[in-house]
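# Report on the structure
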Amino acid sequence: MENAKTTDDALSGETVKLTFTGDVTRSLLIVDDDAPFRLRLARAMEKRGFNVVAVDSVQLGIEVAQESAPAFAVVDLRLADGSGLDVVSALRDARPDARIVMLTGYGNIATAVAAVKAGAVDYLPKPADADAVESALLADGRPLPQPPENPMSADRVRWEHIQRVFEQCERNVSETARRLKMHRRTLQRILNKHAPRG
């Protein structure tokens, strides 16, 4: 077995592998700059039998795509150092049959069309769970994956989105309210409640 290429994660200081060391037919590249989400998804996909390399930047995503040409990829649209569409293009150049799913917290029709034109096979809004990601990656020509057994309720999806924007705004209530186009007091009431079930 060859030695795995690694780098240090700038935020956590942990060593991150950059090459696949197991079954290359189930090789999966995850590119997302949201560290908790990336690590949680990587662990969940490893439990489902994928050989995972998870990185946090366009630069590292392109490097892994060019050197290893993974069979599968999950790429966030907006990354700190650029657009995930650049990673999708590099993946398509390295391996035209790669199955790529684009993730985004900023879903709209224009970005979905751009992702599919760049070569993604599906487009999922964040937060996406591992079952939805696996279903999209392994879908065999069906136009849409099967709906999940227990999908998140609309209230839960709204709450998750608000929490994500709140964290991205460094827990600044006024800035979060401005970006979500809602009154600050309304946002404070929502933030003080517990997460809805489901």
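Residues numbered from 1 in each chain as written. Predicted model: local features only at pLDDT ≥ 70, side-chain atom pairs only at ≥ 80, totals over all residues. Heavy atoms only, no water.

Attention now moves to the packing of aromatic side chains. Across all of its chains, the model carries one aromatic pair by this definition. Judged by centre distance (5.4 Å) and plane angle (90°), the rings of phenylalanine 50 and phenylalanine 72 are edge-to-face. Here phenylalanine 50, found in the loop between helix H1 (35-47) and strand E4 (51-55), pairs with phenylalanine 72, found in strand E5 (residues 72-76); they are 22 residues apart in sequence, far enough to count as distant. Both residues of the pair, phenylalanine 50 and phenylalanine 72, belong to the buried class. The ring of phenylalanine 50 carries arginine 26 above its face, with NZ or CZ at 4.0 Å from the centroid. (Phe/Tyr/Trp six-rings, centres within 6.5 Å; stacked < 30°, edge-to-face > 60°. Helix = DSSP H or I, 4+ residues; strand = E, 2+ residues; numbered from the N terminus. Buried < 20%, exposed > 50% of the residue type's maximum accessible area, 1.4 Å probe, protein only. Lys NZ or Arg CZ within 6 Å of the ring centre and 35° of its normal.)

Here we come to the UniProt feature "modified residue: 4-aspartylphosphate" (unreviewed entry) in the protein. Under the feature "modified residue: 4-aspartylphosphate" (unreviewed entry), the UniProt entry names Asp76. Relative to the helices and strands, aspartate 76 is located in strand E5. (UniProt positions renumbered as here; feature names shortened; annotations may be inferred.)

This part takes up helix H8 (residues 184-192). When we look at burial in H8, the residues that qualify are Leu187, Ile190 and Leu191. An end-on view of H8 places all buried positions within 95° of arc, on one side of the element. In H8, the exposed positions angled more than 90 degrees off the buried face are occupied by Arg185, Arg189 and Asn192. In this fold, the buried residues of H8 make contact with helix H6 (154-168) and helix H7 (173-180). (Arc of directions from axis to C-beta. Contact = heavy atoms within 4.5 Å.)

Considering every residue of the protein, the mean pLDDT works out to 81; 81% of them sit at 70 or more. Averaged pLDDT values over the elements of the protein bottom out at 48 in strand E1 (residues 6-8) and peak at 94 in H7. Of the regions scoring below 50 in pLDDT, residues 8-13 engages in seven contacts with residues more than four places distant in sequence or in other chains. (pLDDT = per-residue confidence, 0-100.)

The strand order E4-E3-E5-E8-E9 describes an open sheet built from five strands, whose pairing is parallel. Only two strands of the sheet have a single neighbouring strand rather than two, namely E4 and strand E9 (122-125). Taking the axes of each pair of neighbouring strands and ignoring which way they run, one obtains an average angle of 15° across the sheet. Two strands pair when backbone bridges link them, and strand E3 (residues 27-31) and E5 are joined in this way by four bridges, in the parallel orientation. Residue pairing across strands places leucine 28 opposite phenylalanine 72, the latter belonging to E5. (Pairing = 2+ DSSP bridges. Axes fitted to C-alpha atoms, helices over the stretch in contact; angles between N-to-C directions.)

Between H6 and H7, the least distance of the axes is 9 Å, while the angle of their chain directions is 125°. Our classification of the angle between H6 and H7 gives oblique. Crossing angle aside, the handedness with which H6 passes H7 is right-handed. Judged by residue contacts, His161, Ile162, Val165 and Phe166 of H6 engage Val173, Thr176, Arg179 and Leu180 from H7. Class assignment of the residues belonging to the contact of H6 with H7 gives a composition of five nonpolar, two polar and one charged. (Parallel < 35°, antiparallel > 145°, perpendicular 65-115°, else oblique. Left-handed = near helix turned anticlockwise from the far one by under 90°. Nonpolar A, V, L, I, M, F, W, Y, C, P; charged D, E, K, R; others polar.)

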